[in-house]
Amino acid sequence: QVQLVESGGGLVQAGGSLRLSCAASGRTFSSFGWFRQAPGKEREFVAAITRSGDSTYYSDSVKGRFTISRDNAKNTVYLQMNSLKSEDTAVYYCAAPRFSLAVPNLRLRSLYDYWGQGTQVTVSS
């Protein structure tokens, strides 16, 4: 059974940092993505990483503040979030596609087949 389990969310003050983890089980994945959903808004792309970890992609809103990484030996992907802002408040989801995705498609929520349960990140101003 394939599972993605996120952890590491919480309450942090603006300007602070959090590190999210997503442990995958049941199979390995060519790429991972992080998405987030704020109240009343659609789920949006945050970051993605390819199998080797050499290629990473970010939304403009988090570029320079967030870093995605992975440990293939642990089948785990991370999201280091620095300089957090109140607008980063959301439920953060880890996701993985069944098959390898072309780079332009890594941002497309609909192409991800497996999702974690989400972890809440709240940034207080």
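About the cut-offs
Residues numbered from 1 in each chain as written. Predicted model: local features only at pLDDT ≥ 70, side-chain atom pairs only at ≥ 80, totals over all residues. Heavy atoms only, no water. Pairing = 2+ DSSP bridges. Helix = DSSP H or I, 4+ residues; strand = E, 2+ residues; numbered from the N terminus. Axes fitted to C-alpha atoms, helices over the stretch in contact; angles between N-to-C directions. Buried < 20%, exposed > 50% of the residue type's maximum accessible area, 1.4 Å probe, protein only. Contact = heavy atoms within 4.5 Å. Phe/Tyr/Trp six-rings, centres within 6.5 Å; stacked < 30°, edge-to-face > 60°.

**Student:** For this particular structure, what's the right way to read the sheet that holds strand β3 (residues 18-25)?
**Tutor:** Within a sheet, adjacent strands bond to each other through the backbone by hydrogen bonds, running parallel or antiparallel. Strand order in the open sheet formed by four strands is β1-β3-β8-β7, and the pairing between neighbours is antiparallel. At either margin of the open sheet sits one strand with a lone partner, and together these are β1 (3-7) and β7 (66-71). The mean angle between the axes of side-by-side strands here comes to 15 degrees, regardless of whether they run parallel or antiparallel. Here six bridges tie β3 to strand β8 (residues 76-81), and the two strands are oriented antiparallel to one another. Within β8, the position partnered with Cys22 by the bridge is Val77.

**Student:** Looking at this structure, I do not really get the pairing of β7. What am I missing?
**Tutor:** Looking down a regular strand, the side chains alternate between one sheet face and the other. Of the two faces of β7, the one lined by Phe66, Ile68 and Arg70 is fully buried and the one lined by Thr67, Ser69 and Asp71 carries no buried residue. Pairing geometry for β7 and β8, over six bridges, is antiparallel. By the bridge assignment, Asp71 is partnered in β8 with Thr76. Here β7 folds back onto β8 in antiparallel fashion, the turn holding four residues, of which Asn75 has a positive phi close to 55 degrees.

**Student:** Looking at this model, I keep getting lost on the environment of Thr67. Mind explaining?
**Tutor:** If you trace the backbone, Thr67 turns up in strand β7. Residue class for Thr67 comes out partly exposed when judged on its relative accessible area of 42%. Setting aside chain neighbours within four positions, we find Thr67 in contact with Tyr58, Tyr78, Leu79 and Gln80.

**Student:** What's the story with the packing of aromatic side chains in this structure? I'm lost.
**Tutor:** The relative placement of two aromatic rings is captured by the distance of their centres and the angle of their planes. Tallied over the entire structure, the rule returns seven aromatic pairs. With a centroid separation of 5.8 Å and 75 degrees between ring planes, the pair formed by Phe35 and Phe45 is classed as edge-to-face. Placement of the pair is Phe35 in strand β4 (residues 32-37) and Phe45 in strand β5 (residues 44-49), with a sequence separation of ten residues. Both residues of the pair, Phe35 and Phe45, count as buried. Geometrically, the ring pair formed by Tyr93 and Trp115 is edge-to-face, given 6.4 Å between the ring centres and 75 degrees between the ring planes.

**Student:** Is there a simple way to explain the environment of Asp88 in this structure?
**Tutor:** Along the chain, the position of Asp88 falls in the loop between β8 and β9 (90-96). Look at Asp88 and you get buried, because its relative accessible area is 1%. For Asp88 and Gln37, which are 51 residues apart along the polypeptide, the C-alpha to C-alpha distance reads 9.5 Å. For Asp88, the contacting residues outside a window of four places in its chain are Arg36, Arg65, Phe66, Ser83, Val121 and Val123.

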